[in-house]
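Coordinate inspection notes
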Amino acid sequence: MELPEVEVVRRDLEKEVVGRRIKEVEVRPHRNAMRIIRRHARRKEFADLLAGRKITKVDRKGKYLILALDDGDALVVHFGMSGQFLRGTKRQSLPSHTHVVIEFQQGGDLRYADPRTFGEMFVAPADQLGKVRELDHIAIDPLEDTFTWQEFSAELGRRATKLKPLLMDQKFISGLGNIYSDEVLFAAGRRHDRMSDSLSSQEVRRLYRAIREVVLDAIRFTATTLADEAYVDLFGKPGEFQNELKVYGRTGLACRRCRTPIVTIKLSGRNSYYCPQCQS
Ligand SMILES: [Zn+2]
């Protein structure tokens, strides 16, 4: 899950769970469930911190979701490689790899499923939230107003590195990943191996705009679900941005802008897609 997927889930959670009071929380009995709540020593400790609390707000910081609780604590969630939330009811059987079930007093529940268990969730006390190291990172968030092109331009010059790995660097910018980096570079007309400090100020502006546009478009089209269906929304519905992709996964197909066949190369073991005509 990358930033657009996390933001779509955040918006859905805002509609679905804000204002609901948690009745009880079940951490499933299998051992993998403990990996998901690994910052807590015991299932009961985690469950007791949530029982009776109302969810008042859902924020996002990078790829972390922060569900604010009415006692000032927060439930912090990171989906890792394959985590997802699903809305359900008691009568619906739990999907496989469900690790945590949050049941609401008003009825209905929220399940956390995660086959690969790289994701996690934990309750941070109000006075500790500012001290969570992972939430204190300084990466650029493409959706925040504080992401200005001037700041972006200075950072690009300072890094002096190839654009694709830079866009995928979570310490530089949050949540673009492999797919959105390729789409951003196409939208900006830049190649994966252009050096970040070789861009003219016009090229920097175009890249900056491309980042915002691709992320906002992806959210508008409810994010990306590839053939592996690793991402679905709260109701199990796939996203639609995969139908809008311009280069990712389109090897040999005509560029949507110039009809030149899209090419693919392997970079750090992952496929990268670009148009040899439109990108330089
Ligand atoms: Zn092209």
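Residues numbered from 1 in each chain as written. Predicted model: local features only at pLDDT ≥ 70, side-chain atom pairs only at ≥ 80, totals over all residues. Heavy atoms only, no water.

1. Details of the side chain of Glu103
As for its placement among the helices and strands, Glu103 is situated in strand β6 (residues 98-104). A polar contact of 3.2 Å, which involves the side chain of Glu103, links it to the side chain of Lys90. Once residues lying within four places of it in the same chain are set aside, the contact partners of Glu103 are Arg21, Ile22, Lys23, Glu24, Lys90, Gly108 and Asp109. (Helix = DSSP H or I, 4+ residues; strand = E, 2+ residues; numbered from the N terminus. Polar contact = N/O pair within 3.5 Å; in protein donor to acceptor, adjacent residues only side chain to side chain. Contact = heavy atoms within 4.5 Å.)

2. Overview of the coordination of the zinc ion
Coordination of the zinc ion by the protein involves Cys255 (SG), Cys258 (SG), Cys275 (SG) and Cys278 (SG), with metal-donor separations of 2.2 to 2.4 Å. Coordination at the zinc ion is tetrahedral, judged from the 4 donor atoms that bind it and the angles of 101 to 114° they form at the metal. Looking at Cys258, the relative accessible area reads 27%, which means it is partly exposed. Since its relative accessible area comes to 18%, Cys278 is described here as buried. (Donors = N, O, S within 2.8 Å, 3.2 Å for Na, K, Ca; no water. Tetrahedral: all angles 85-135°; square planar, octahedral: opposite > 155°, others 65-115°. Buried < 20%, exposed > 50% of the residue type's maximum accessible area, 1.4 Å probe, protein only.)

3. Considerations on the nonpolar core
Counting residues in hydrophobic clusters, the biggest one holds 70 residues, and the most contacted among them are Phe46, Val100, Met121, Phe152 and Leu207. The biggest single contributor to this core is helix α7 (residues 201-220), with 9 residues. Leave out the neighbours within four places in its chain, and Leu207 touches Phe152, Leu156, Leu163, Leu167, Val184, Leu185, Ala188 and Leu199. Residues Ile66, Val76, Ala124 and Val132 belong to the second largest nonpolar core, which totals 8 residues. (Core = buried A, V, L, I, M, F, W, Y, C linked by side-chain atoms within 4.5 Å.)

4. Side note on unusual backbone geometry
The phi dihedral of Thr117 falls on the positive side, at around 55°, and the residue is not glycine. The backbone phi angle of Ser268 is positive, close to 50°, even though this residue is not glycine. For Ser268, the position within the fold is in the loop between β9 (263-267) and β10 (270-274). Given the relative accessible area of 76%, Ser268 is considered exposed.

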